[in-house]
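What the coordinates show
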Amino acid sequence: MYLVGLTGGIATGKSAVAAIFQEQGIPIIDADIIARKVVEPGKPAWHKIQKEFGPDVFLDTKYLDRAKLGDLIFNDVEKRKKLNAITHPDIYKEIYWQILKYFIQGHPFVILDLPLLFETGHMLNYLHKIIVVTCEEDLQLQRLIERTGFTEAKAKLRIAAQMSLEKKAEMGNFVIENSGSMSDTKEQTMKVFNVLRSSKHHWKLRFLVGVCCTIILAGAYWLKNKSSRSLSSAI
């Protein structure tokens, strides 16, 4: 099994592309969904955030007020680093567990939906291919305002805080331009899917894992027999 990164800018339509892959039976590991789970009430990260940022960043339901916390850390690099230090270990631990689960199930590849893949640099060394979803800047701004209710000024600041779509596209292996119709996006996505599906890279990885497991088992068997012979000789 090999790993494929899916990234892009905020409000470019990564979720729509991920859904198309999911329809084809490809597992999606969504970092945003995991990030929400690790800060649910009572979780270790939830307690750490409460201790670090206080009760003001929580709703009456005890769930994290993501909008308020986002505003708090947006212009404060140190606070953002503190939040990342709290949440990232739990997020990546869950990502690794899900990867292992899908590997055991025999999937040829999985999609890692990582919005800030290039910004953080995490996981880059583990990805076989990277898909970047882009769209026209005006459309991205419109989508973000409609989705979040941000003012135009605030939406522009959020977009500007991320790496530019042009630079991300240059760093990707595949680019899906999501400014047109849904059918157009699906057509582009299916072309990428067919290329990935035809790849034999996952067999190479499975062979290497198989060799490693064989060596480990053989070593364990040899040690067990050696211990048994030593015990017999002592008796």
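Structural notes, computed from the coordinates. (Residues numbered from 1 in each chain as written. Predicted model: local features only at pLDDT ≥ 70, side-chain atom pairs only at ≥ 80, totals over all residues. Heavy atoms only, no water.)

1. Here we look at the sheet that holds strand β3 (residues 109-113)
Test applied: By this definition, two strands are paired if DSSP reports at least two bridges between them. Numbering goes from the N terminus for both helices and strands, where a helix is a DSSP run of H or I of at least four residues and a strand is a run of E of at least two. Helix axes are fitted only over the stretch in contact, all axes being lines through C-alpha atoms; the angle between N-to-C directions runs from 0 to 180 degrees. Any two residues whose heavy atoms approach within 4.5 Å are treated as being in contact.
Spatial ordering of the open sheet is given by β2-β3-β1-β4-β5, a layout of 5 strands whose pairing is parallel. With partners counted over all chains shown, the strands left at the sheet margins are β2 (28-30) and β5 (174-177), one partner each. Sheet twist, expressed as the average angle between the axes of neighbouring strands with direction ignored, equals 25°. In the packing of helix α5 (residues 77-105) onto the sheet, contacts are made with β1 (2-8), β2 and β3, and the angle to β2 comes to roughly 175°. The strands that helix α10 (residues 182-198) touches are β1, β3, β4 (129-134) and β5; relative to β5, the one it contacts most, it runs at about 165°.

2. Notes on the environment of Glu94
Tracing the sequence through the fold places Glu94 in helix α5. As for Glu94 and Lys37, which are separated by 57 residues in sequence, their C-alpha atoms are 9.8 Å apart.

3. Points about the side chain of Thr134
For clarity, the threshold we go by: Per-residue accessibility, obtained with a 1.4 Å probe over protein chains only, is compared with the maximum for each type, and a residue is labelled buried under 20%, exposed over 50%, and partly exposed between these values.
Among the secondary structure elements, Thr134 is positioned in strand β4. According to the relative accessible area criterion, Thr134 is buried, its value standing at 9%. Not counting residues within four places of it along the chain, the set of residues in contact with Thr134 comprises Thr12, Leu165, Ala169, Val175, Ile176, Glu177, Asn178 and Ser179.

4. Focus on helix α1 (residues 14-23)
Threshold: The arc refers to the directions leading from the helix axis to the C-beta atoms.
Within α1, burial applies to Lys14, Val17, Ala18, Ile20 and Phe21. An end-on view of α1 places all buried positions within 155° of arc, on one side of the element. Counted as exposed and oriented over 90 degrees from the buried face of α1: Ser15, Gln22 and Glu23. Positive phi appears at Gly25, one or two residues downstream of α1, with a value of about 85°.

5. Regarding the pairing of β1
Two faces belong to every sheet, and in a regular strand the side chains alternate between them. Counting buried residues in β1 gives 7 out of 7 residues, a clear majority hidden from the surface. Of the two faces of β1, the one lined by Tyr2, Val4, Leu6 and Gly8 and the one lined by Leu3, Gly5 and Thr7 are each fully buried. Both β1 and β3 contribute to a ladder of 5 bridges, which runs parallel. Bridging across to β3, Leu6 finds its partner in Asp113. Sheet topology places β1 next to β4; 5 bridges connect them, and they run parallel. Residue Leu6 lies in a different strand from β4, and its bridge partner there is Ile131.

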